[in-house]
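Reading the structure
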Amino acid sequence: MVLKVFFPSCCSSAESGILIGRWISEQNSAVILAVVHFPFIPLQVKQYLSEVQRVTKVNVSVLGSWSNSKQEKEESLSEFLEDLGTIFSHEPWIQISKEGDSKFWSCSTLQKHSNNPKEEEILLVYYDQRKVMLSHLHPSLDTATSADCKADNASKLSAIFDTVAKSKILFMTDRYDDGPIKLTHWQSDGIEASIIMELMKQASVPACMLLTFLVLKFWPLSFLWSKLSTCEQLGHRLQHLQVISSNKKAQNQTQLMRKANIFVSLLIDVALGILLMSWLYRKNRIGRLADTLIPVADHIAEELQDLLQWLMGAPAGLKMNRALDQVLGRFFLYHIHLWISYIHLMSPFIEMILWYVGLSACLGLTVALCILSDIIALLTFHIYCFYVYGARLYCLKIYGLSSLWRLFRGKKWNVLRQRVDSCSYDLDQLFIGTLLFTILLFLLPTTALYYLVFTLLRLLVVIVQGLIHLLVGLIDSLPLYSIILRLCRSYRLAAGVKFRVLEQQDGKPLRLLMQINPLSYGSVVQIYRLPTYSCYPKDSWTSLCKKLFLGELIYPWKHKGEKQD
């Protein structure tokens, strides 16, 4: 069986010492986390590792020895490193050595307590410890791979990623600490960051003294004692909470990412809204917009009047019912006159209304877009009324014709059982039904033409509003933080890993470099897309066309499950 040793690339130049990490027996793998330098006391190392294991719940132990022959040239070093295996007693005991300036490393294992020691093939895999610790491994979205294979690969990788991520407390010990144990890991390479942390520690002392003086001077003593007791209780629970948070990190990381996406989306939304508001209030754009709004409304009303005059004649050479055509045309023309009067009555207040409406952009661009959709709905309210009138009249005739058609066939609709039953009609009923069917049938083309025209106008308005709501939904649901994180630090969102061969030579372990495969942008949007609330029903195109053909009201749309008249 192949022995896989995952070695952090940041430890390749470390001084000689012992390797600490986690042994994963199910995979026959060793995940190296850090190198403990000489000199050290074995008892202190064991106590330190037991404390780390208690806090992180990761079985961290001494796995082997590390020899950097470029720095240590004593002949007795190799024998001393082999003797460490009897002190820490780990099977197998891994020995890794760097041979001077050579690019090839030697790696071997010792099994002193085994009766039949077997020479295993060793695979040395380098990994970037910082990237692996900060990355979040996602399940594979590839449907071509079988589910069992994907689950097996994901469990193997997650064990390695979780080991490094949960050992964060191990990386808090750097070379600047005064403790007896000196470690080499990715955090110990941050010399500038460590100096900054030391300066912040020194600066925190006078800051704490000043804060204590202000607290003692301005706060009551009883309040202070209550706070101190609370802090003591929190101190006792801090360690317990740290263990719980480390265990639930994988479950909460997705939720934290979603919260970050919500915060960034809200921040960008408000920033865009403030930019829009600043643009509107420059150079009196609000006044110019109000002056343009009235002529545009008058122009739309004039176009509707011309359309109605065309329908009252012979539209496209169609033969219409003259009386019904004149009644419907004058009815809608009267509504247009009312609408024009209403617009001119509101014209002195439009600029003031727009001025106050523009202030709502400070709440976010989506708020401004939603108010714009409402303004479009108010300005086209007469078109909506025309659609409702035409749809109701058309629907009445359709259902009347269907009911009378059942009369001819000796059928009727049973309201109680919700089905069509047989029924016998007398001569008078059949005669009246024939007259009504003939009247409705010959009046249907005129009504259908008005219904068709106003439905197309209404659909045009709804398409504009739908594009606005689509833009609002895109702003609200787009995971901007995850996309920015994928663009700037792609390793944080890991979809898997890939291996690149570094060196291969007979008698030497195969050296591979493990690199993180980032999620694709489509997968990032699919996984972290924010849920949005939409009041639009999930009607199919077939259902929508059926409602349009029967004259049922489509707008305003109802929630799914609600009753509609």
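Residue positions are given per chain, counting from 1 as you read along its sequence in written order. This being a predicted model, a pLDDT of at least 70 is required before a residue's local features are given, and a value of 80 or more before pairs of side-chain atoms are given or counted; all residues contribute to the totals for chains, interfaces and linings. With hydrogens and water set aside, each side-chain value is computed from the structure's full complement of heavy atoms.

If you look the chain up in an unreviewed UniProt entry, it shows as Phosphatidylinositol N-acetylglucosaminyltransferase subunit Q from Cariama cristata.

Within the chain, the regular secondary structure consists of 15 helices and 13 strands. Remark: exposure states derive from per-residue accessible area (1.4 Å probe, protein chains only) relative to the maximum for the residue type, with buried under 20%, exposed over 50%, and partly exposed in between. In the chain, which comprises 565 residues, the share counted as buried stands at 37%. Any two residues whose heavy atoms approach within 4.5 Å are treated as being in contact. A sequence separation of at least 24 residues applies to 72% of the contacts in the chain between residues at least 6 apart. Carbon and sulfur atoms provide 63% of the accessible area of the chain, an area that totals close to 34,100 Å². Helix numbers and strand numbers start at the N terminus; a helix is a DSSP run of H or I with at least 4 residues, a strand a run of E with at least 2. In this description, accessible areas are obtained by the Shrake-Rupley approach with a 1.4 Å probe, and a residue is regarded as covered only by the protein chains that are shown.

A few words on unusual backbone geometry. We note that N28 has phi near 55 degrees; this positive angle belongs to a residue other than glycine. Examined against the element boundaries, N28 turns out to sit in the loop between β2 (17-24) and β3 (29-37). The backbone phi angle of K283 is positive, close to 55 degrees, even though this residue is not glycine. Residue placement: K283 occurs in the loop between α7 (249-280) and α8 (285-311). On the basis of relative accessibility, which here comes to 68%, the residue K283 falls in the exposed class.

Salt bridges are defined as contacts in which a side-chain nitrogen from Lys or Arg sits within 4 Å of a carboxyl oxygen from Asp or Glu. Tallied over the entire structure, the rule returns two salt bridges. A salt bridge links E51 to R54; the shortest N-O distance between them is 2.4 Å. One end of the pair, E51, and the other, R54, are both in helix α1 (residues 42-56), three residues apart, so they sit about a helical turn from each other. Owing to a relative accessible area of 38%, E51 belongs among the partly exposed residues under this scheme.

Before going further, it helps to spend a moment on the nonpolar core. Each nonpolar core is a collection of buried residues, namely Ala, Val, Leu, Ile, Met, Phe, Trp, Tyr and Cys, held together in the definition by side-chain atoms within 4.5 Å. Counting 61 residues, the largest nonpolar core has F7, V45 and I96 as its most contacted members. Residues within four places of I96 in sequence aside, it is in contact with V5, F7, L19, S65, W66, S67, W105, S106, C107 and L124. One finds L304, F332, I336 and Y450 within the second-largest nonpolar core, a separate group that totals 25 residues.

Mapped onto the secondary structure, T455 falls in helix α12 (residues 427-477). A polar side-chain atom of T455 sits 2.5 Å from the main-chain carbonyl oxygen of Y451. Contact partners of T455, with chain neighbours within four places excluded, come to Y387 and L548. Definition of a polar contact: a pair of N or O atoms within 3.5 Å, with one able to donate and the other able to accept a hydrogen when the atoms are protein atoms, and with sequence-neighbouring residues admitted only if both atoms are side-chain atoms.

Below, the discussion takes up the UniProt feature "transmembrane region" (unreviewed entry) in the chain. UniProt positions are given in the numbering used here, feature names are shortened, and annotations may be inferred rather than shown by experiment. The sites that carry the UniProt feature "transmembrane region" (unreviewed entry) are, in the present numbering, residues 203-225, 262-281, 353-380, 386-408, 429-453 and 459-484. End-to-end, the C-alpha atoms of residues 386-408 are 33 Å apart, and along that stretch the chain is 100% helix and 0% strand. Helix makes up 100% of residues 429-453 and strand 0%, with an end-to-end C-alpha separation of 35 Å.

Attention now goes to the packing of aromatic side chains. Note on aromatic contacts: the rings of Phe and Tyr and the six-membered ring of Trp form a pair at centre separations within 6.5 Å, being stacked when their planes are under 30 degrees apart, edge-to-face when over 60 apart, and tilted otherwise. Enumeration according to the criterion identifies 16 aromatic pairs in this entry. Taking 5.2 Å as the distance between ring centres and 85 degrees as the angle between the ring planes, the aromatic pair formed by W355 and Y356 counts as edge-to-face. Judged by relative accessible area, which is 53%, Y356 ranks as exposed. A connected cluster of aromatic rings, assembled from ring pairs, spans F331, F332, F386, Y389, Y450 and F454.

This brings us to a nonpolar patch on the surface. Taken together, the side chains of F349, M352, I353, W355, Y356 and L359 present a nonpolar region at the surface, about 600 Å² in accessible area. On the accessibility criterion, W355 (40% relative accessible area) is partly exposed. Within this analysis, patches are made of residues with over 30% relative accessible area and no salt bridge. Like charges are joined at 9 Å or less; nonpolar side chains (Val, Leu, Ile, Met, Phe, Trp, Tyr) at 5 Å or less.

Burial along strand β6 (residues 105-110) is one-sided: W105, C107 and T109 are buried, while S106, S108 and L110, pointing the other way, are not. A strand pair is defined by DSSP finding two or more bridges across the two strands. Note: strand β5 (residues 93-98) against β6, six bridges, orientation antiparallel. Bridge pairing links I96 to C107 in β6.

The next point concerns the packing of helix α9 (residues 322-358) against α12. The geometry of α9 relative to α12 is characterised by a closest axis approach of 10 Å and an angle of 25 degrees between their N-to-C directions. What the angle tells us is that α9 and α12 run roughly parallel. α12 is crossed by α9, and the crossing has right-handed handedness. Contacts between α9 and α12 involve L324, D325, L328, G329 and F332 from the first element and L443, T446, T447, Y450 and F454 from the second. Lines fitted to C-alpha atoms define the axes here, with helix axes fitted over just the stretch in contact, and angles between the N-to-C directions of these axes take values from 0 to 180 degrees. When an angle is under 35 degrees it counts as roughly parallel; over 145 it counts as roughly antiparallel; between 65 and 115 it counts as roughly perpendicular; any other value is oblique. Note on convention: the crossing is left-handed when the near helix lies turned anticlockwise from the far helix by less than a right angle, right-handed when the turn is clockwise.

On average, residues of the chain score 77 in pLDDT, and 76% of them reach the 70 mark or higher. This stretch, residues 215-247, has a pLDDT under 50; its non-local contacts, to residues over four places away or in other chains, come to 14 contacts. Values of pLDDT, the confidence the predictor places in each residue, fall between 0 and 100. Of the regions scoring below 50 in pLDDT, residues 557-565 engages in ten contacts with residues more than four places distant in sequence or in other chains.

Our next topic: the pairing of strand β11 (residues 419-422). The two faces of a sheet get side chains in turn, since along a regular strand they alternate between them. Bridge analysis of strand β10 (residues 411-414) against β11 gives four bridges, and the strand direction is antiparallel. Each bridged residue has a counterpart across the sheet, and for K412 the counterpart in β11 is D421. Counting the residues that bridge the hairpin from β10 to β11 gives four residues, and of these Q418 lies at a positive phi of roughly 55 degrees.

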